[in-house]
Amino acid sequence: MYSQALNAPALATDDSEAGQRFQARIEAEERIEPNDWMPEAYRRTLIRQISQHAHSEIVGMLPEGNWITRAPTLRRKAALLAKVQDEGGHGLYLYAAAETLGVSREELVEQLLTGRAKYSSIFNYPTLSWADIGAIGWLVDGAAIMNQIPLCRCSYGPYARAMIRICKEESFHQRQGFEIMTVLARGTDDQKAMAQDALNRWWWPSLMMFGPPDAQSQHSDASMRWKIKRFTNDSLRQKFVDATVPQGHYLGLGFPDPELRLNEATGHWEFGAIDWDEFRRVLAGDGPCNRERLTARQRAHEDGAWVREAALAYAAKGRNGRTRAAA
Amino acid sequence: MAEPATPLWEVFIRARTGLAHRHVGSVHAADATLALQAARDVYTRRGEGLSIWVVPSDAITASDPTDKDMLFEPTASKIYRHPTFYEVPDEVDNM
Ligand SMILES: [Fe+2]
Ligand SMILES: [Fe+2]
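Residues numbered from 1 in each chain as written. Chains lettered and ligands numbered in written order. Predicted model: local features only at pLDDT ≥ 70, side-chain atom pairs only at ≥ 80, totals over all residues. Heavy atoms only, no water.

It is not clear to me how the coordination of the iron ion (ligand 1) should be interpreted in this structure. Could you clarify?
For a metal with four tetrahedral donors the ideal donor-metal-donor angle is 109.5 degrees, while six octahedral donors give ideal angles of 90 or 180 degrees. Residue and element names in this part refer to chain A. Surrounding the iron ion (ligand 1) are the protein donor atoms Glu57 (OE), Glu87 (OE), His90 (ND1) and Glu170 (OE), at 2.1 to 2.3 Å. Coordination at the iron ion (ligand 1) is irregular, judged from the four donor atoms that bind it and the angles of 83 to 154° they form at the metal. Donor residues binding the iron ion (ligand 1) come from one chain and are separated in sequence as E-x29-E-x2-H-x79-E. The metal-metal distance between the iron ion (ligand 1) and the iron ion (ligand 2) is 3.4 Å, with Glu87 serving as a donor to both. Of this pair, Glu57 sits in helix 2 (residues 40-59) while Glu87 sits in helix 4 (residues 74-99), and the two are 30 residues apart along the sequence. Exposure remark for Glu57: the relative accessible area of 7% places this residue in the buried category. (Donors = N, O, S within 2.8 Å, 3.2 Å for Na, K, Ca; no water. Tetrahedral: all angles 85-135°; square planar, octahedral: opposite > 155°, others 65-115°. Helix = DSSP H or I, 4+ residues; strand = E, 2+ residues; numbered from the N terminus. Buried < 20%, exposed > 50% of the residue type's maximum accessible area, 1.4 Å probe, protein only.)

The following block contains the structure:
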């Protein structure tokens, strides 16, 4: 029911009668479900956003997977393994949500493997030390949560439901990261330096996770009107900074931003300029690990080809066997 | 890269004894056994359930959203199907 039975895509602009009725449903906070009428642009926007989100979860397993075999204790190893497994699950919930819009899993995977699809720029940075696992949980999952909580109220039902499930699982991710940071920050001088170095490298890329500034964001307006998005990139970024800076100070760590200061009047932490050239470079494929990430995904897919083939062949044989027995 | 499509299955989970199975999502798998395994890995990592059903997605027939009024509107006028439609004297409590 969730991907085969979709209505043929209808063509209509937003000011058509159907388009107006659709927008009225959105305004009334009704959820849109897979077989409901929707403007083509809404469908396309969602497919793009949900599949990019899914790809990000899948590629996001790689930088952390890098440390599973080298986690310092069994407790840390079990937690990291569970977290990386969760991220794989998040990718699968999201692929399933995208498929309800009429795109196949095979197409989506191919878009990722051929480099046509984008995923979050943050996962193209390397994990150089164990402290990076702490910084990723604390900052990257923290930023993801900030982005994802409003998506639980997204107008598209399957996406909103996937996000509710994901958000429930995310909070342990951030906590295990912050726990790693806490232990390092209270440890030896070397450990503290490791934690500081990780914060220095992950801080700016984490701020970039919220996407380009509102003034330059091409997709924001329509997404807000359709209630896919509820808050702008800049407002979510500010919320993240306000929540995170005191946590860093609690750890006794400094932020790599000389302009960071609390504005007493507004209560907000003001921060320096983000290097959007770097963001665009990394997104366009020229980050430190883009090639490595894509190669790892391609290899995993190719290495698994015989398993998929064998499973399908076995299933086909089972079906034939049963037909024969029934005859 | 013409990858053959792996069938889609809808996953239903019984959270506790006494509750009905509830739709939680879908998985791709070559056959029912693998679908059950995938559903277990994807949807029950935190003790979400005691029992799983997997159903081939194309075996489900769904009502068409455009038939919503025809199918469900008629019940709106049949308020006499609800207990609140009937008057019970104040002196008679607990009915
Ligand atoms: Fe995730
Ligand atoms: Fe996460």
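Would you mind going over the side chain of Glu170 of chain A with me for this structure?
All names here are of chain A. Within the secondary structure, Glu170 sits in helix 7 (residues 157-185). For the buried residue Glu170, which engages in no salt bridge, the nearest side chain bearing the opposite charge is Lys83, 5.8 Å off. Excluding its chain neighbours within four sequence positions, the residues that come into contact with Glu170 are Glu57, Glu87, His90, Asp141, Ile145 and Gln148. (Lys, Arg positive; Asp, Glu negative; His and termini not counted. Salt bridge = Lys/Arg side-chain N within 4 Å of Asp/Glu carboxyl O. Contact = heavy atoms within 4.5 Å.)

What's the story with the environment of Ala62 of chain B in this structure? I'm lost.
Mapped onto the elements of the fold, Ala62 of chain B is located in the loop between strand 3 (51-56) and helix 2 (68-72). Remark: the alpha-carbon pair of Ala62 of chain B and Ala30 of chain B, spanning 32 residues in sequence, is separated by 23 Å.

Please explain helix 10 (residues 233-250) of chain A as it appears in this structure.
Working note: α-helix, 3.6 residues per turn, so residues spaced by three or four point in the same direction. Residue and element names in this part refer to chain A. Its 18 residues place the ends of helix 10 26 Å apart at the C-alpha level, agreeing with the 26 Å of an ideal helix rising 1.5 Å per residue. All of the buried residues along helix 10 are Asn233, Leu236, Arg237, Gln238, Phe240, Val241, Asp242, Thr244, Val245 and Gly248. Buried positions along helix 10 lie against helix 6 (131-148), helix 8 (189-208), helix 9 (220-225), strand 2 (268-270) and helix 11 (276-286). Count one or two residues on from helix 10 and you reach Gly252, which has phi positive near 80°. (Expected span 1.5 Å × (residues − 1).)

Mind showing me how you'd approach the coordination of the iron ion (ligand 2) here?
Residues and elements named next belong to chain A. Bound to the iron ion (ligand 2) on the protein side are Glu87 (OE), Asp141 (OD), Glu170 (OE) and His173 (ND1), at distances that span 2.0 to 2.2 Å. Classification of the site at the iron ion (ligand 2) rests on its four donor atoms, whose angles at the metal span 82 to 167°, yielding the label irregular. If you list the donors of the iron ion (ligand 2) from N- to C-terminus, the spacing comes out as E-x53-D-x28-E-x2-H. Among the residues examined, Glu87 registers a relative accessible area of 5% and is labelled buried.

What is the right way to look at unusual backbone geometry in this model?
Negative phi values dominate among residues other than glycine, just as trans dominates among peptide bonds. All names here are of chain A. Non-glycine residue Glu29 carries a positive phi angle of around 60°. Here Glu29 shows up in the loop between helix 1 (17-27) and helix 2. With a relative accessible area of 38%, Glu29 lands in the partly exposed category. Positive phi, close to 55°, is recorded for Lys227, a residue that is not glycine. Take Lys227: it is sitting in the loop between helix 9 and helix 10.

When you look at the packing of aromatic side chains in this model, what are you seeing that I'm missing?
Two aromatic rings, taken as a pair, are described by how far apart their centres are and by the angle between their planes. All names here are of chain A. Taken as a whole and assessed by the stated rule, the structure comprises 15 aromatic pairs over all chains. When the centroid spacing of 4.8 Å and the interplanar angle of 70° are considered together, the rings of Phe22 and Tyr42 count as edge-to-face. Of this pair, Phe22 sits in helix 1 while Tyr42 sits in helix 2, and the two are 20 residues apart along the sequence. The two residues Phe22 and Tyr42 agree in class, both being buried. (Phe/Tyr/Trp six-rings, centres within 6.5 Å; stacked < 30°, edge-to-face > 60°.)

I keep staring at the interface of chain A and chain B and nothing clicks. Help me out?
Interface size is often expressed as the accessible area that is lost when the parts come together. At the interface, 27 residues of chain A touch 23 residues of chain B. Taken over both partners, the interface formed by chain A and chain B buries close to 2300 Å², and the fraction arising from carbon and sulfur atoms is 56%. At the boundary of chain A with chain B, the tally comes to five salt bridges. Between Asp86 of chain A and Arg45 of chain B there is a salt bridge, with its nearest N and O atoms 2.8 Å apart. Linking chain A with chain B are nine residue pairs in polar contact (both at pLDDT 80 or more). Counting residues per element, the ones that place at least two in the side of chain A that touches chain B are helix 4, helix 5 (105-113), helix 7 and helix 13 (305-326) of chain A. For the side of chain A that touches chain B, the element with the highest residue contribution is helix 4 of chain A, accounting for seven residues. Among the residues making up the side of chain A that touches chain B, the classes are represented as 11 nonpolar, seven polar and nine charged. (Buried area = accessible area lost by both parts, 1.4 Å probe. Polar contact = N/O pair within 3.5 Å; in protein donor to acceptor, adjacent residues only side chain to side chain. Nonpolar A, V, L, I, M, F, W, Y, C, P; charged D, E, K, R; others polar.)

It is not clear to me how the pattern of salt bridges should be interpreted in this structure. Could you clarify?
Pairing is possible between side chains that carry opposite charge, provided their charged atoms lie close to one another. All names here are of chain A. This structure, assessed with the given rule, holds 26 salt bridges over all chains. Glu29 serves as the salt-bridge partner of Arg230, at 2.9 Å between the closest nitrogen and oxygen. Remark: Glu29 occurs in the loop between helix 1 and helix 2 and Arg230 occurs in the loop between helix 9 and helix 10; sequence separation between them is 201 residues. Across the salt bridge formed by Arg161 and Glu33, the nearest N and O atoms sit 2.8 Å from each other. With a gap of 128 residues between them, Arg161 in helix 7 and Glu33 in the loop between helix 1 and helix 2 connect regions that are remote in the sequence. Take Glu33: its relative accessible area is 24%, and that puts it in the partly exposed class. Three or more residues are tied together by salt bridges with common partners; here these are Glu64, Lys83, Glu87 and Asp141.

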